[in-house]
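So the chains spell out like this:
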Amino acid sequence: MTQFSDFIIHAYKTIARAVAEAGVNADLFKQPELISKTLKHRVSAELKRLTVLLRRLIFLMALQVELAPLVTRPARNYFEKTDGEPKARKAFFSVLPVPAGEAPDFLHGPITVPTRGPVPAAPLIARWEAMLDTLKHARRRAKCLARTIQRWKAEGEARPYITPIPRTYAMPAPLGLVSGALTVQLTQALRDWPPADTS
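Parameters at a glance
- Residues numbered from 1 in each chain as written.
- Predicted model: local features only at pLDDT ≥ 70, side-chain atom pairs only at ≥ 80, totals over all residues.
- Heavy atoms only, no water.
- pLDDT = per-residue confidence, 0-100.
- Helix = DSSP H or I, 4+ residues; strand = E, 2+ residues; numbered from the N terminus.
- Expected span 1.5 Å × (residues − 1).
- Polar contact = N/O pair within 3.5 Å; in protein donor to acceptor, adjacent residues only side chain to side chain.
- Buried < 20%, exposed > 50% of the residue type's maximum accessible area, 1.4 Å probe, protein only.
- Contact = heavy atoms within 4.5 Å.
- Salt bridge = Lys/Arg side-chain N within 4 Å of Asp/Glu carboxyl O.
- Axes fitted to C-alpha atoms, helices over the stretch in contact; angles between N-to-C directions.
- Parallel < 35°, antiparallel > 145°, perpendicular 65-115°, else oblique.
- Left-handed = near helix turned anticlockwise from the far one by under 90°.
- Nonpolar A, V, L, I, M, F, W, Y, C, P; charged D, E, K, R; others polar.
- Core = buried A, V, L, I, M, F, W, Y, C linked by side-chain atoms within 4.5 Å.

Next up on the list: the confidence of the model for the protein chain. For the protein chain, the mean per-residue pLDDT works out to 82, and 77% of the residues sit at or above 70. Mean pLDDT values for the elements of the protein chain range from 88 in strand 2 (residues 119-120) up to 93 in helix 1 (residues 6-25).

To continue, consider helix 4 (residues 138-155). End to end, helix 4 covers 26 Å across 18 residues, agreeing with the expected 26 Å (1.5 Å per residue, within 8%). A positive backbone phi angle near 80° is found at Gly-156, which sits one or two residues after helix 4.

Quick look at the side chain of Thr-183 now. Note on placement: Thr-183 falls in helix 5 (residues 173-189). Among the polar contacts listed, one links the side chain of Thr-183 to the backbone oxygen of Ser-179, at a separation of 3.2 Å.

The subject of this paragraph is the environment of Thr-51. Relative to the helices and strands, Thr-51 resides in helix 2 (residues 37-63). Along the primary structure Thr-51 and Val-19 are separated by 32 residues, whereas in three dimensions their C-alpha atoms are 8.9 Å apart.

The subject of this paragraph is the environment of Pro-123. As for its placement among the helices and strands, Pro-123 is situated in helix 3 (residues 122-136). Owing to a relative accessible area of 56%, Pro-123 belongs among the exposed residues under this scheme. Sequence-wise, Pro-123 and Lys-40 are 83 residues apart; in three dimensions their C-alpha atoms are separated by 9.9 Å.

This part is about the side chain of Thr-134. By secondary structure assignment, the location of Thr-134 is in helix 3. By relative accessible area, Thr-134 is classed as buried at 14%. Setting aside chain neighbours within four positions, we find Thr-134 in contact with Leu-54, Ile-58 and Arg-141.

Let's shift gears to the pattern of salt bridges. Applying the stated criterion to the full structure yields four salt bridges. A salt bridge links Asp-27 to Lys-30; the nearest nitrogen and oxygen atoms lie 4.0 Å apart. Its relative accessible area of 56% is what places Lys-30 among the exposed residues.

With that out of the way, let us pick up the packing of helix 1 against helix 2. It is at 10 Å that the axes of helix 1 and helix 2 come closest, and there the two elements cross at 160°. For the element pair helix 1 / helix 2, the angle class is roughly antiparallel. Two packed elements cross with a definite hand, and for helix 1 against helix 2 that hand is left-handed. The segment helix 1 lies against helix 2, with Phe-7, Ile-8, Ala-11, Tyr-12, Ile-15, Ala-18, Val-19 and Ala-22 engaging Val-43, Glu-46, Leu-47, Leu-50, Leu-53, Leu-54, Leu-57, Leu-60 and Met-61. Looking at the contact of helix 1 with helix 2 residue by residue, the classes come out as 16 nonpolar, no polar and one charged.

Across the interface, helix 2 lies against helix 4 with an axial gap of 8 Å and an inter-helix angle of 65°. Helix 4 is crossed by helix 2, and the crossing has right-handed handedness. Mapping the contact onto sequence places Ile-58, Phe-59, Met-61, Ala-62 and Leu-63 in helix 2 and Ala-138, Arg-139, Arg-141, Ala-142, Leu-145, Ala-146, Ile-149 and Trp-152 in helix 4. Per-class residue counts for the contact of helix 2 with helix 4 are 11 nonpolar, no polar and two charged.

In this section: the environment of Met-131. Relative to the elements of secondary structure, Met-131 occurs in helix 3. Distance from Met-131 to Ala-16, taken between C-alpha atoms, is 9.0 Å for residues 115 residues apart in sequence. If we ignore the near neighbours within four places in the chain, the residues touching Met-131 are Val-19, Leu-47, Leu-50, Thr-51 and Leu-54.

What follows deals with the nonpolar core. With 44 residues, the main nonpolar core has Ile-15, Leu-50 and Leu-182 as its most contacted residues. Taken together, the elements giving at least two residues each to this core come down to helix 1, helix 2, helix 3, helix 4 and helix 5. Sort the elements by how many residues they give to this core and helix 2 lands first, with 13 residues. Excluding its chain neighbours within four sequence positions, the residues that come into contact with Leu-50 are Ala-18, Val-19, Ala-22, Met-131 and Leu-175.

Take a look at the structure:
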């Protein structure tokens, strides 16, 4: 794997700090059961914006990973018997009726009055922790994505189109700079992508 550039290291630190601050400022590390709706909307919007930046960063890291050439594997027949194969298992068929679940939302009728008060914090905490885990294993994620990109190129897939991130002026200055620079770096890194196979 190649050594990543100074820009990628700087962008990683900036995004990691922003993700950590988004959760710490909302006290998500205290694992609250309920949070206010206003806090949930504010932190969700912040995490959504940071998710775009994190995905682009990992994509840029994947484009800079050097991999061995793609080797085709010999085809295998799953149904062909081989020596030492374990005995086939019997299929299990349950005769018990499936327990009834909760009625679908469309059968409950329209809900005209919005619920008031605090909302559960667990989904937001899970999303924040997933982003922190992605940051922790960013190199591994980039290597997996590099393999996928290598397959896309071999199959003649079209080059991804990178659009500028909207409303960068509303971001804090470090994130705004990283956002604009990520778009430029990705556009330059994708220039050597082979043209799509239209035949």
